[in-house]
Amino acid sequence: MTTAIIGAGVMGETLLSGLVRAGRRVDNLLVGEKRPERAQELEERYGVSVVSNVEAARKADTVALVVKPQDMAAVLEEIAPELRPGQLLVSLAAGITTSFIESHVPEGVAVVRVMPNTPALVDEGMAAISPGSHCDEAHLAEAESLMASTGRVLRIPEKQQDAVTAISGSGPAYIFFVVESMIEAGVHLGLPRATATELVVQTLVGSARMLRETGTHPAVLREQVTSPAGTTAAALRELEIHRVRAAFLAAMEAARDRSRALAEGS
Ligand SMILES: NC(=O)C1=CN([C@@H]2O[C@H](COP(=O)(O)OP(=O)(O)OC[C@H]3O[C@@H](n4cnc5c(N)ncnc54)[C@H](O)[C@@H]3O)[C@@H](O)[C@H]2O)C=CC1
Ligand SMILES: O=C(O)[C@@H]1CCC=N1
């Protein structure tokens, strides 16, 4: 089975590196990438063949589309003449619907929409997948196995994809923003930057493992840290005064709305 990745930027390389780590032979992988210097970098780093999009589409059983949503129509128009019924297109682009892709390719080409995230780079990715209308169980299983090489995979109805994009697709950026803010706060409180960074990163990793390994509700875990009239209660009161919970809700609604707008080409 040959897999092609068209668009090898941040997310395309994340997928490529995951497939290589998972033991996929590079002679079963092809890459289509517009920027020549980037193509050369990937050939040197992975020993993978970078070919034209047309050749990638002709030779591959599965084609992963990892270009920006705004570039999707042009790529589909370019590769459509090479595509055949039964072939699988896996789109990782935010906002782009399976019906949009199906309307640009020959009848019978199977389409799966995926929302991945960058922790896939360390095999801790979260991907949500949804089938298009010509997609059978084998196609969905193939997309699932592609994404399982870099983390967890959830099957979801496509109508949930914009919300998923707002939560787990963009999610790592919110976490990194919180981490950055806590490190800066540590520096303001007089800690050396390296000390603040180690404290925050280990606190994040430890808290994440507690959530996963205990299965306890986050509110309960938070209460366990919050001593009566203690330091944590003082800090949490400030977060509530500054409406941080409401800000998270507004931020994720904005991301969901942006994902919907990308579907309309804006
Ligand atoms: N970066 C992230 O955290 C996530 C990104 N995505 C989705 O992944 C897709 C790619 O995003 P990034 O990797 O962040 O963007 P990027 O800009 O890093 O990568 C896009 C790549 O596509 C290439 N490209 C553009 N037009 C092309 C064409 N006609 N033929 C071949 N290659 C072409 C560009 O040269 C670039 O290397 C987007 O649709 C985005 O919505 C989804 C989830 C998370
Ligand atoms: O910001 C974006 O549009 C992409 C999709 C999800 C994460 N990054």
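Residues numbered from 1 in each chain as written. Chains lettered and ligands numbered in written order. Predicted model: local features only at pLDDT ≥ 70, side-chain atom pairs only at ≥ 80, totals over all residues.

- Per an unreviewed UniProt entry, the chain is named Pyrroline-5-carboxylate reductase, and its organism is Nocardioides gansuensis.
- Of the chain, the UniProt comment under Sequence similarities (unreviewed entry) reads exactly: "Belongs to the pyrroline-5-carboxylate reductase family."
- You can read under Function (unreviewed entry) in the UniProt record for the chain the words "Catalyzes the reduction of 1-pyrroline-5-carboxylate (PCA) to L-proline." (UniProt positions renumbered as here; feature names shortened; annotations may be inferred.)

1. Considerations on the UniProt feature "domain: Pyrroline-5-carboxylate reductase dimerisation" (unreviewed entry) in the chain
Thinking step 1. UniProt feature "domain: Pyrroline-5-carboxylate reductase dimerisation" (unreviewed entry): in the numbering of this structure it lies at residues 158-261.
Thinking step 2. The span residues 158-261 carries 83% helix and 0% strand; its end-to-end C-alpha distance comes to 16 Å. (Helix = DSSP H or I, 4+ residues; strand = E, 2+ residues; numbered from the N terminus.)

2. Topic: the domain arrangement of the chain
Thinking step 1. The domain architecture assigned to the chain consists of domain 1 (3-161) and domain 2 (171-263).
Thinking step 2. Here domain 1 and domain 2 have C-alpha centroids that lie 32 Å from each other.
Thinking step 3. The partner domain 2 presents 6 residues to the 9 residues of domain 1 that form the contact.
Thinking step 4. When the residues that make up the side of domain 1 that touches domain 2 are grouped by side-chain class, the tally is 5 nonpolar, 4 polar and no charged. (Domains from an automatic or database assignment. Contact = placed C-beta atoms within 7 Å. Nonpolar A, V, L, I, M, F, W, Y, C, P; charged D, E, K, R; others polar.)

3. Quick notes on the site of ligand 1
Thinking step 1. Near ligand 1 you find 28 residues, and of these Gly7, Gly9, Met11, Ala93 and Ala94 are the closest.
Thinking step 2. At the level of elements, α1 (10-21) and α4 (72-79) are the ones that each hand at least two residues to the shell around ligand 1.
Thinking step 3. When residues in the shell around ligand 1 are grouped by element, the largest group, 3 residues, is from α1.
Thinking step 4. Residues of the shell around ligand 1, tallied by class, amount to 14 nonpolar, 8 polar and 6 charged. (Near = placed C-beta within 6 Å.)

4. Examining the site of ligand 2
Thinking step 1. Close contacts around ligand 2 come from Ala94, Thr165, Gly169 and Ser170, and that covers them all.
Thinking step 2. The residue makeup of the shell around ligand 2, split by class, is 1 nonpolar, 3 polar and no charged.

5. Observations regarding the UniProt feature "domain: Pyrroline-5-carboxylate reductase catalytic N-terminal" (unreviewed entry) in the chain
Thinking step 1. The UniProt entry lists residues 4-95 under the feature "domain: Pyrroline-5-carboxylate reductase catalytic N-terminal" (unreviewed entry), expressed in the numbering used here.
Thinking step 2. Its end C-alpha atoms 21 Å apart, residues 4-95 is made of 41% helix and 20% strand.

6. Describing helix α6 (residues 137-148)
Thinking step 1. The terminal C-alpha atoms of α6, which comprises 12 residues, lie 16 Å apart, in line with the 16 Å expected from a rise of 1.5 Å per residue.
Thinking step 2. By the burial criterion, the buried members of α6 are His139, Ala143, Leu146 and Met147. In an axial view of α6, the angular spread of the buried residues amounts to 90 degrees, which keeps them on one side of the axis. Set apart from the buried face of α6 by more than 90 degrees, the exposed residues are Glu137, Ala138 and Ala141.
Thinking step 3. Contacts made by the buried residues of α6 are with β1 (3-6), β4 (62-65), β5 (88-91), β6 (110-115), β7 (125-131) and β8 (151-155). (Expected span 1.5 Å × (residues − 1). Buried ≥ 20, exposed ≤ 12 C-beta atoms within 10 Å, placed from the backbone. Arc of directions from axis to C-beta.)

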